[in-house]
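Listed here are the chains, written in short residue letters.
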Amino acid sequence: MTATTPAPDLERATLDKATSENFPVAPFFLPRDWRDDLMAVYGFARLVDDIGDGDLAPGGADAELLGVSATDSEDRLLLLDAFETDLRRVFDATPHHPLLRRLQPVVRRRGLTPEPFLGLIAANRQDQLVSRYETYDDLLAYCELSANPVGRLVLAVTGTSTPERIRLSDVVCTALQIVEHLQDVAEDLARDRIYLPAEDMKRFHVREPDLSAKTAGASVRALVAYEAQRASDLLNEGAPLVGSVHGRLKLLLAGFVAGGRAAVRAIAAAEYDVLPGPPKPGKVQLLREAGVILRGEG
């Protein structure tokens with residue numbers, strides 16, 4: 001199979017996106033084997049999101065690797081189905097896509113199961129079919145697919161999974177997903193997606209056209225503040241996850257929680273006006289939040 005773009009370049013282009021993520025993917029202080037394995041997991045998660053968002057590299061090389069013809073390469077559901085087929089080869093054959101070939105030894109070495117990977121594919125499949133969420137519970141169910149598997153994979157790769165850690169990780173990951181949705185209201189709307197629950201929009205008298213304004217009015221700000229508090233409460237609930245582990249993993253998980261808290265503070269500092277663009281926390285704020293968590297003060 002000859003791809004339009006050389007496979008190594010395609011793989012590198014996806015992995016390089018790790019530097020622009022909200023939260024550290026595989027920071028330098030982790031053991032090398034953890035970093036390599038987490039980057040392999042990241043490559044999978046990034047590629048499935050790129051398929052779901054229509055952000056694949058131009059030229060159709062990914063589609064070709066997955067056995068999808070050039071004429072069908074714009075069909076995201078078809079691509080996701082093909083990607084799922086290739087994922088299943090990770091567990092019982094040899095996958096076609098280089099990012100899945102990179103993942104295969106990690107799956108075997110760490111004893112990873114298909115479920116979290118399938119959850120991430122299901123979330124992106126849902127994004128093609130569902131663009132609005134009526135209730136907060138509906139949004140939480142989406143986060144179970146789109147966010148929680150990532151935390152479960154981190155625990156599995158580091159060999160630290162327990163039922164209680166998985167529960168706390170799910171809470172933290174859901175919070176981080178909600179925070180990201182708040183930062184990306186305008187970007188999501190451009191994709192015809194709204195992750196603010198419709199019942200909450202009604203409660204705060206927010207209509208969809210209000211979300212396309214250049215700056216947020218009082219009603220939108222009140223709605224964002226309400227959802228930001230929900231995310232903050234979840235981060236507080238999940239924070240004991242950090243104290244349940246030790247060493248470098250503790251630093252990594254503290255970074256996740258601190259990143260979420262710092263992002264919430266950045267949203268608040270913008271007076272909950274997320275429409276001009278995503279409010280981003282500075283490094284000083286992030287380090288301050290991490291210090292608080294690591295000292296056990298919050």
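Residues numbered from 1 in each chain as written. Predicted model: local features only at pLDDT ≥ 70, side-chain atom pairs only at ≥ 80, totals over all residues. Heavy atoms only, no water.

Q: So what exactly am I meant to see when it comes to the overall build of the chain here?
A: Along its length, the chain carries 15 helices and zero strands. When burial is assessed residue by residue, the chain has 49% of its 298 residues classed as buried. Here the contacts in the chain between residues at least 6 apart in sequence split such that 69% fall between residues at least 24 apart. Summed over all atoms, the accessible surface of the chain reaches about 13700 Å², with 53% contributed by carbon and sulfur. Computed over 34 positive and 44 negative side-chain charges, the inter-centroid distance for the chain is 6 Å. (Helix = DSSP H or I, 4+ residues; strand = E, 2+ residues; numbered from the N terminus. Buried < 20%, exposed > 50% of the residue type's maximum accessible area, 1.4 Å probe, protein only. Contact = heavy atoms within 4.5 Å. Areas by Shrake-Rupley, 256 points an atom, 1.4 Å probe, with all protein chains shown as cover. Lys, Arg positive; Asp, Glu negative; His and termini not counted. Charge placed at Lys NZ, Arg CZ, Asp CG, Glu CD.)

Q: How should I be thinking about the packing of helix α2 (residues 32-53) against helix α6 (residues 114-129) in this particular structure?
A: Each pair of packed helices gets described by two things: the angle between the helix axes and the distance between those axes. As a packed pair, α2 and α6 sit with axes 9 Å apart at the nearest point and diverge in direction by 15°. As the angle between them shows, α2 and α6 are arranged roughly parallel. α2 and α6 meet at a crossing whose hand is right-handed. Facing α2, whose interface residues are F44, A45, V48, D49 and G52, α6 presents F117, L120, I121, N124 and Q128. Across the contact of α2 with α6, the residue classes tally to six nonpolar, three polar and one charged. (Axes fitted to C-alpha atoms, helices over the stretch in contact; angles between N-to-C directions. Parallel < 35°, antiparallel > 145°, perpendicular 65-115°, else oblique. Left-handed = near helix turned anticlockwise from the far one by under 90°. Nonpolar A, V, L, I, M, F, W, Y, C, P; charged D, E, K, R; others polar.)

Q: How should the packing of aromatic side chains be read in this particular structure?
A: Pairs of aromatic rings are described using the distance from one ring centre to the other and the angle between the two planes. This model, assessed by the stated rule, comprises eight aromatic pairs. Residues Y133 and Y195 carry aromatic rings whose centres are separated by 5.9 Å and whose planes lie at 20° to one another, so their mutual orientation is stacked. You can see Y133 sitting in the loop between α6 and α7 (136-146) and its partner Y195 sitting in the loop between α10 (185-190) and α11 (198-203), a full 62 residues away along the chain. You'll find Y133 and Y195 in the same group, each marked buried. Through pairs of rings, three or more aromatic residues link up here, namely F44, F83, F91 and F117. A cation over an aromatic ring shows up here: R203 above the ring of Y226, its NZ or CZ 4.7 Å from the ring centre. The cationic tip of R230 hangs over the ring face of Y136; the distance from NZ or CZ to the ring centre is 3.7 Å. (Phe/Tyr/Trp six-rings, centres within 6.5 Å; stacked < 30°, edge-to-face > 60°. Lys NZ or Arg CZ within 6 Å of the ring centre and 35° of its normal.)

Q: When you look at unusual backbone geometry in this model, what are you seeing that I'm missing?
A: With glycine set apart, most residues show a phi of negative sign, and most peptide bonds adopt trans. Located in the positive-phi region is D192, a residue other than glycine, with phi close to 60°. On the basis of relative accessibility, which here comes to 44%, the residue D192 falls in the partly exposed class. Its identity is not glycine, yet Y272 carries a phi of approximately 65°, on the positive side. With respect to the helices and strands, Y272 occurs in the loop between α14 (247-269) and α15 (283-294).

Q: Which parts of the structure should I look at to understand the nonpolar core?
A: As a rule of thumb, nonpolar side chains are buried together in soluble globular proteins. Grouped together as the largest cluster of nonpolar side chains are 83 residues, with contacts concentrated most on F44, F83, L103, F117, L196 and L211. At 11 residues, α2 tops the list of elements feeding residues into this core. Here F117 is in contact with F44, L87, F91, L103, V107, L112 and L153, once residues within four sequence places are set aside. (Core = buried A, V, L, I, M, F, W, Y, C linked by side-chain atoms within 4.5 Å.)

Q: Mind showing me how you'd approach the pattern of salt bridges here?
A: If charged atoms from side chains of opposite charge come close, those side chains can pair. For the coordinates displayed, the defined rule picks out 25 salt bridges. Ionic pairing is found between D86 and R89, a salt bridge with its closest N-O pair at 2.7 Å. Pair noted here: D86 and R89 are both in helix α4 (residues 76-92), with a separation of three residues, about one helical turn. A relative accessible area of 0% means that D86 is categorised as buried. Classification of R89 as partly exposed rests on a relative accessible area of 24%. (Salt bridge = Lys/Arg side-chain N within 4 Å of Asp/Glu carboxyl O.)

Q: Explain the side chain of T174 here, please?
A: Position of T174 among the secondary structure elements: in helix α9 (residues 163-183). On the accessibility criterion, T174 (7% relative accessible area) is buried. Apart from the residues lying within four places of it in its own chain, the contact partners of T174 are L140, C143, A147, N148 and L234.

Q: Just checking my understanding: could you explain the confidence of the model for the chain for this structure?
A: Close reading of the predicted structure is inappropriate where its pLDDT is low. Scored by pLDDT, the chain has a mean of 93; 94% of the residues are at 70 or more. The low-confidence segment residues 1-5, where pLDDT is below 50, has 12 contacts with residues more than four positions distant or belonging to other chains. (pLDDT = per-residue confidence, 0-100.)

Q: What is the right way to read the environment of R265 from this model?
A: By the secondary structure assignment, R265 is in helix α14. Between the C-alpha atom of R265 and that of Q285, which follows or precedes it by 20 residues, the distance is 8.6 Å. Sequence-distant contacts of R265, that is, excluding residues within four places in its chain, are made with Q285 and E289.

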